[in-house]
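Read off the chains here:
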Amino acid sequence: MALSAAERAYRRVKDRILSGSLAGGELISEGEVAASLEMSRTPVREAFLRLEAEGWMKLYPKRGALIVPVPPDEAEHVIGARFLVETGAVRIVAGTDRTGLVRELRAGIERHITHADAGDVDAFTKEDATFHRIFVQAAGNPLLSAFYDTLRDRQLRMTSASVQRDHAQMQRIIKHHTELTDLIETGDVEGFSETLSAHLTAVHDLRRPPS
């Protein structure tokens, strides 16, 4: 089924926010977006209202829409939640047959390398999120997976910002993901926890590691 104009506008603008092409603090207008998408302002206005309700932008009548910057403490909250979920998931999978999981993670790392070689930050960032979700989902707890998925948009925006600031992060992430996969393969839960903490702290430049 074809998407409505409002849905297309919503997805396009949100994708740009998450990828960092619309940075926090930037002001955009309904007219600019409508022109770029070749549609009227009405569906764009609907999209903007939805994005404001979700906290991604702030609307100012007759001025435009301000992209809301990432709050200073949001990174630590998101990473703290991710750390708890991801380490909990690995504790569960450590007691299972991990052969298929490890194969899937290593295939993901190969895709990481392909995107990094192409300099495709958007694809690399999405692959990064997928890598972490693979072992969360492997734990087999639908409630854990559903909660983790609520963090995905913020995860994408934060990782994209990190990689945009320093493209060398892509190689660091590949190295860290390889180490994490090795630890999952051997069932070293404590080693995984320590490495994950260091990984998340380095990628997102946290003031203190998650625990």
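Predicted model only: the values in this text are computed from it and were never measured. Note on numbering: residues in each chain are counted from 1, in written sequence order. Under the rules for a predicted model, residues below a pLDDT of 70 receive no local features and side-chain atom pairs below 80 are neither given nor counted, while totals for whole chains, interfaces and linings still include all residues. Hydrogens are left out, water is left out, and the side-chain values use all remaining heavy atoms of the structure.

A. Local environment of the packing of aromatic side chains. A pair of Phe, Tyr and Trp rings is counted when the ring centres sit within 6.5 Å of each other, with Trp represented by its six-membered ring. The angle between the planes then sorts it: under 30 degrees is stacked, over 60 is edge-to-face, the rest tilted. Per the counting criterion, the structure on display carries two aromatic pairs. With centroids separated by 6.0 Å and ring planes inclined at 85 degrees, the aromatic side chains of Phe 131 and Phe 135 adopt a geometry described as edge-to-face. One end of the pair, Phe 131, and the other, Phe 135, are both in helix α6 (residues 121-138), four residues apart, so they sit about a helical turn from each other. When sorted by exposure, Phe 131 lands in the same class as Phe 135, which is buried. Taken together, a centroid distance of 5.4 Å and an interplanar angle of 85 degrees make the contact between Phe 135 and Phe 192 edge-to-face. Here Phe 135 is found in helix α6, whereas its partner Phe 192 is found in helix α10 (residues 189-204), with 57 residues between them in sequence. The exposure class of Phe 135 is buried, given its relative accessible area of 0%. One aromatic cluster in this structure is built from Phe 131, Phe 135 and Phe 192. Working rule: Lys NZ or Arg CZ, within 6 Å of ring centre, within 35 degrees of ring normal, means a charge sits over the ring. A cation sits over an aromatic face here: Arg 50 above Tyr 10, 3.5 Å from the ring centre. Secondary structure elements follow DSSP: runs of H or I no shorter than four residues count as helices, runs of E no shorter than two count as strands, and numbering proceeds from the N terminus. Exposure is judged per residue with a 1.4 Å probe applied to protein chains only, and the accessible area is read against the type maximum: over 50% gives exposed, under 20% gives buried, and values in between give partly exposed.

B. The arrangement of the sheet that holds strand β3 (residues 64-67) in detail. Strand pairing follows a simple DSSP-based rule, namely that at least 2 bridges must link the two strands. Here three strands make up an open sheet; going across it, the order is β1-β3-β2 and the pairing antiparallel. Only two strands of the sheet have a single neighbouring strand rather than two, namely β1 (27-28) and β2 (57-60). In this structure, β1 lies alongside β3, joined through two bridges in antiparallel fashion. Across the sheet, Leu 27 pairs through a bridge with Leu 66, a residue of β3.

C. Structural view of helix α3 (residues 41-53). Its 13 residues give α3 an end-to-end C-alpha distance of 18 Å, which sits within 8% of 18 Å, the value for a rise of 1.5 Å per residue. Residues of α3 that are buried: Pro 43, Val 44, Ala 47, Phe 48 and Leu 51. Buried residues along α3 cover an arc of 145 degrees about the axis, so they all sit on one side. Each element contacted by the buried residues of α3 is listed here: α1 (5-19), β1, α2 (30-37), β2 and β3. The first or second residue beyond α3 is Gly 55, which carries a positive phi of 90 degrees. One less than the number of residues in a helix, times 1.5 Å, gives the span that helix is expected to have. This arc is built from the directions going out from the helix axis to the C-beta atoms. In this analysis, two residues are considered to be in contact whenever any of their non-hydrogen atoms come within 4.5 Å of each other.

D. Structural context of the pattern of salt bridges. The salt bridge definition used is simple: a Lys or Arg side-chain nitrogen within 4 Å of an Asp or Glu carboxyl oxygen. For the coordinates displayed, the defined rule picks out 16 salt bridges. In this structure, Arg 50 and Glu 7 form a salt bridge, with 2.7 Å as the shortest nitrogen-oxygen distance. Highlighted residues: Arg 50 in helix α3 and Glu 7 in helix α1, separated in sequence by 43 residues. Accessibility expressed as a relative area gives 36% for Arg 50, which makes it partly exposed. Linked by salt bridges that have partners in common, Glu 7, Arg 11, Lys 14, Arg 50, Glu 54 and Asp 153 make up one network.

E. How the structure looks around the layout of surface pockets. A volume near 340 Å³ is recorded for the largest pocket. Lining the largest pocket we find 16 residues, and of these Val 70, Arg 157, Met 158, Ala 161 and Arg 165 sit closest to its centre. Ten residue types, Ala, Val, Leu, Ile, Met, Phe, Trp, Tyr, Cys and Pro, are classed as nonpolar, four, Asp, Glu, Lys and Arg, as charged, and the remainder, Gly among them, as polar. Partitioned by chemical class, the residues of the lining of the largest pocket number eight nonpolar, five polar and three charged. A pocket here means an open set of points on a 1 Å grid, computed over the protein atoms alone, that has protein on both sides within 12 Å along at least five of seven lines. A cavity is instead a set of points where a 1.4 Å probe fits but cannot get out; residues with an atom within 4 Å of a point line either one. Grid points are joined across faces, edges and corners, and a volume is the space filled by probe spheres set on the points. Of the pockets and cavities examined, the second largest pocket occupies roughly 150 Å³. Lining the second largest pocket we find Ser 29, Glu 30, Gly 31, Arg 41, Phe 48, Leu 59, Tyr 60, Pro 61, Lys 62, Arg 63, Gly 64 and Ala 65. Here the residues of the lining of the second largest pocket sort into five nonpolar, three polar and four charged.

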